[in-house]
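Observations on the three-dimensional arrangement
Listed below, chain by chain, are the residues.
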Amino acid sequence: MSLPVKNENYKEVNYWNERYGNEESYEWCKDFASFKNLFNSAAPNRNDRILVIGCGNSNLSLDLYNDGYKYITNIDYSSVVVEKMRLKEGHLMKFLEMDMRDLNFDPNSFDIVVEKGTLDVLFTSEKSVWELSPETEVDLGRTLSSIQSVLSPGGRFISITFAEPYFRKQQYAKQWSTIQVNSFGDFFHYYFYVCK
């Protein structure tokens, strides 16, 4: 894994294209087994249509497929990783090159939208966790609005992240009225948000 020179580089597609060209797999926020029970509880219907945003080269989508979820679409804005994942798992599910800030799907296309560490990228250039820059506010707002627009009635947005509830919950509350939060992890805690 090649680390960026600056945290802000995590927001640049060129960084990801270069990294994915040399990296086979990486898991942000632990692997599926670490939060499988939480996911199954939030998405008990294996026929749900699932969108994974910022899929990267994670095994999450394959783990979901192997757990019985068969209708999975993955997006990432790195053309390199999308092509690699199509070759690797394209016979099982869809992989599309797309920016999470502008999801190009019809309304009500998905029952579940899931992100694992993807939204955290938007915060990498922030100087303070207490106040977001206008750029991050816009990018996050566009992303959450875009996610909301593709969810079916009763659909859920699942966010798996490092971000503590005090900071992230207020952002999600701008789009969703019900937000459930659980934590997982042994020494370092991660958060599992279900927004509906």
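This paragraph deals with helix α2 (residues 32–42). Among all positions in α2, only Phe32, Phe35, Phe39, Asn40 and Ala42 are buried. Across the axial projection of α2, the buried residues extend over an arc of 160°, all falling on one side. Set apart from the buried face of α2 by more than 90 degrees, the exposed residues are Ala33, Asn37 and Ser41.

So, on to the nonpolar core. In this structure, Phe39, Ile158 and Phe192 are the most contacted members of the largest nonpolar core, which totals 32 residues. Secondary-structure elements contributing two or more residues to this core are α1 (13–22), α2, β1 (49–53), α3 (60–66), α4 (79–89), β4 (110–116), β5 (151–161) and β7 (190–195). Non-local contacts of isoleucine 158, meaning those with residues more than four positions away in its chain, are made with Phe39, Ala42, Ile112, Val113, Val114, Glu115, Phe192, Tyr193 and Val194. Counting residues in hydrophobic clusters, the runner-up holds 23 residues, among them Met98, Met100, Leu103 and Val113.

Once that is clear, we can look at the packing of α1 against α4. The N-to-C vectors of α1 and α4 enclose an angle of 35°; their axes lie 7 Å apart at closest approach. In this structure, α1 contributes Asn17, Tyr20 and Gly21 to the contact, and α4 contributes Ser79, Val80, Val81 and Lys84. Residue composition of the contact of α1 with α4, grouped by class: 3 nonpolar, 3 polar and 1 charged.

Quick look at the side chain of serine 78 now. By the element assignment, serine 78 lies in the loop between β2 (71–76) and α4. Reaching out from serine 78, the side chain makes a polar contact with the backbone nitrogen of valine 81 at a distance of 3.2 Å. In contact with serine 78, not counting residues within four places along its chain, are Val13, Trp16, Asn17 and Tyr20.

With that settled, the discussion passes to the pairing of strand β3 (residues 94–97). A regular strand carries its side chains on alternate faces of the sheet. Bridging between β2 and β3 involves 4 bridges; their strand directions are parallel. In the sheet register, asparagine 74 faces β3, and the bridge partner there is phenylalanine 95. Traced from β2 through α4 to β3, the parallel crossover comes out right-handed.

Inspection of the entire model under this criterion finds 15 aromatic pairs. Note on phenylalanine 162 and phenylalanine 188: the rings are 6.0 Å apart at their centroids and 70° apart in plane angle, and the pair reads as edge-to-face. Of this pair, phenylalanine 162 sits in the loop between β5 and α6 (165–172) while phenylalanine 188 sits in the loop between β6 (179–184) and β7; the two residues are 26 residues apart in sequence, bridging distant segments of the chain. Accessibility expressed as a relative area gives 33% for phenylalanine 162, which makes it partly exposed. You can call phenylalanine 188 partly exposed: its relative accessible area is 47%. Each member of the aromatic cluster is reached from another via a ring pair, and the members are Phe32, Phe35, Phe39, Tyr69, Phe162, Phe184, Phe188, Tyr190 and Phe192. One Lys or Arg, lysine 70, reaches over the ring of tyrosine 65 and ends 3.8 Å from the middle of that ring.

This next bit is on the sheet that holds β7. Spatially, 7 strands are ordered β3-β2-β1-β4-β5-β7-β6 in an open sheet, and the strand pairing comes out mixed. Strands with a single pairing partner mark the edges of an open sheet, and in this sheet they are β3 and β6. On average, adjacent strands in this sheet sit at an angle of 20° to one another, irrespective of strand direction. Examined bridge by bridge, β1 and β2 share 5 bridges and lie parallel to one another. In the strand pairing of β2, arginine 49 is matched with tyrosine 71. Set on the sheet, α2 makes contact with β1, β4, β5, β6 and β7; between it and β7 the angle comes to about 10°.

Thresholds, definitions, all that
- Residues numbered from 1 in each chain as written.
- Predicted model: local features only at pLDDT ≥ 70, side-chain atom pairs only at ≥ 80, totals over all residues.
- Heavy atoms only, no water.
- Buried < 20%, exposed > 50% of the residue type's maximum accessible area, 1.4 Å probe, protein only.
- Helix = DSSP H or I, 4+ residues; strand = E, 2+ residues; numbered from the N terminus.
- Arc of directions from axis to C-beta.
- Core = buried A, V, L, I, M, F, W, Y, C linked by side-chain atoms within 4.5 Å.
- Contact = heavy atoms within 4.5 Å.
- Axes fitted to C-alpha atoms, helices over the stretch in contact; angles between N-to-C directions.
- Nonpolar A, V, L, I, M, F, W, Y, C, P; charged D, E, K, R; others polar.
- Polar contact = N/O pair within 3.5 Å; in protein donor to acceptor, adjacent residues only side chain to side chain.
- Pairing = 2+ DSSP bridges.
- Right-handed = clockwise from strand over helix to strand, strands pointing away.
- Phe/Tyr/Trp six-rings, centres within 6.5 Å; stacked < 30°, edge-to-face > 60°.
- Lys NZ or Arg CZ within 6 Å of the ring centre and 35° of its normal.

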